[in-house]
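So the chains spell out like this:
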Amino acid sequence: MPLEDHLLTESRNPASERIDTLDALGIVRVMNEEDAKVIEAVRAEEQVIAEAVELIADRFRQGGRLIYAGAGTSGRLGVLDASECPPTFSTPPEMVVGLIAGGPTALTRAVEGAEDDPEQGAADLDALGVSARDVVVGIASSGRTPYVLGVVDRARERGAKTIGIACNRPSVLGERVDLEIALLVGPEIIAGSTRLKSGTATKLVLNTLTTGAMILIGKTFGNRMIDLQPTNQKLRIRTRRILRELGDLDDEQAGALLEQTGGHLKAALVMALSGVDAPTARRLLDASGGQVRGAIEAAPRVKTP
């Protein structure tokens, strides 16, 4: 029996067997009903996802990196999540990295055979100089993509911690990583089209991994992004609004504090909530590892946030 016959992601889905006979509304309803299963599949893996978040945050604190690796849709999702971290959390581009089989060309079109090359996966990881401080996340809906297996195998050889995200269990990927996240979303609406439920579940988990780790290392205050880069008008307006609301300031006061800190929201927020000057705010932030709450608590004069 072919290996594909054992893969949940390749199985037939009785709910959509006659989807080609439905009108547009019928198609939408079938897809929505199937997509509702994604949330439960992610919920079932909450504990291991939380362990992964803690692991990634620990590596970030050590100066390590998060490296995603995947092929096709899985690779594109990893690159997407990595690319969204710098503007959202003011992280350097090298802190979260996405590898995709076939390189940048594969982001917009298929590169034939790229996913079948484990040696290239290992070589792509070697080019990043991975070390024991890093954590590598292999993403493969099938759980057996050779390129991804080559990446995680090389990562383990170099002492990096490894996480696997697949939509099958058991899987080859799950057997080769330190933490296995298995998102059992069931057969796809269109058989084998893992850009659908599998892709949606994977995106939810990637959102959680980076957002959760960034929260743990102090990139937010409450539920506000406070380490964003005000590189365009929208983000400058958002920065000012966040400071007004969290610091209980008027617009003129917020603007003055941001001017004193060179647009650095975290430092301006420490100034607003503790009454210190800009150099002191920066020193307090450095001493607290970038944690705004820690900086405020250590300030000579403390206001209750």
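Residues numbered from 1 in each chain as written. Predicted model: local features only at pLDDT ≥ 70, side-chain atom pairs only at ≥ 80, totals over all residues. Heavy atoms only, no water.

Caption draft 1: View of the side chain of Asp 134. The topology assignment puts Asp 134 in the loop between helix H4 (118–126) and strand E3 (135–139). Residue class for Asp 134 comes out buried when judged on its relative accessible area of 3%. (Helix = DSSP H or I, 4+ residues; strand = E, 2+ residues; numbered from the N terminus. Buried < 20%, exposed > 50% of the residue type's maximum accessible area, 1.4 Å probe, protein only.)

Caption draft 2: Summary view of unusual backbone geometry. Residue Pro 170 is bonded to the preceding Arg 169 through a cis peptide linkage, with omega at 0°. Here Pro 170 lies in the loop between strand E4 (161–166) and helix H6 (172–175). Phi at Asp 248 is positive, roughly 55°, even though this residue is not glycine. Looking at the secondary structure, you find Asp 248 in the loop between helix H8 (233–247) and helix H9 (251–260).

Caption draft 3: Looking closely at the nonpolar core. Of all hydrophobic cores here, the largest spans 36 residues; its most connected members are Phe 60, Tyr 68, Val 96, Ile 163, Ile 165, Ile 181 and Leu 209. Among the elements that take part in this core, helix H2 (residues 46–61) stands out by supplying eight residues, more than any other. For Val 96, the contacting residues outside a window of four places in its chain are Phe 60, Leu 66, Tyr 68, Ala 82, Cys 85, Thr 210 and Met 214. Judged by nonpolar contacts, the second largest core, of 26 residues, contains Phe 221, Ile 226, Ala 281 and Ala 295. (Core = buried A, V, L, I, M, F, W, Y, C linked by side-chain atoms within 4.5 Å. Contact = heavy atoms within 4.5 Å.)

Caption draft 4: Spotlight on the pairing of strand E2 (residues 96–100). With four of five residues buried, E2 is to be regarded as a mostly interior element. Across five bridges, the pairing between strand E1 (residues 66–70) and E2 is parallel. Within E2, the position partnered with Tyr 68 by the bridge is Gly 98. Note that the unit made of E1, helix H3 (residues 72–89) and E2 has a crossover that is right-handed. (Pairing = 2+ DSSP bridges. Right-handed = clockwise from strand over helix to strand, strands pointing away.)

Caption draft 5: Inspection of the packing of aromatic side chains at higher detail. What the rule picks out here adds up to zero aromatic pairs. It is Arg 293 that lies over the ring of Phe 221; its NZ or CZ is 4.3 Å from the centre. (Phe/Tyr/Trp six-rings, centres within 6.5 Å; stacked < 30°, edge-to-face > 60°. Lys NZ or Arg CZ within 6 Å of the ring centre and 35° of its normal.)

Caption draft 6: Here's a closer look at the sheet that holds E1. Pairing within the open sheet is parallel, and its five strands lie in the order E2-E1-E3-E4-E5. Strand pairing shows two members of the sheet lacking a second neighbour, E2 and strand E5 (179–182), which therefore form its edges. If you compare each strand with its neighbour and ignore which way they point, the axes differ by 15° on average. Along the sheet, H2 makes contact with E1, E2, E3, E4 and E5, crossing E5 at roughly 135°. (Axes fitted to C-alpha atoms, helices over the stretch in contact; angles between N-to-C directions.)

Caption draft 7: Looking closely at the pattern of salt bridges. Scanning the entire structure with this criterion turns up 19 salt bridges. Here Arg 12 ties to Glu 17 by a salt bridge, and the two come within 2.2 Å at their closest N and O atoms. Exposure remark for Arg 12: the relative accessible area of 56% places this residue in the exposed category. Since its relative accessible area comes to 47%, Glu 17 is described here as partly exposed. When the shortest N-O distance is used, the salt bridge between Arg 65 and Asp 134 registers 2.8 Å. (Salt bridge = Lys/Arg side-chain N within 4 Å of Asp/Glu carboxyl O.)

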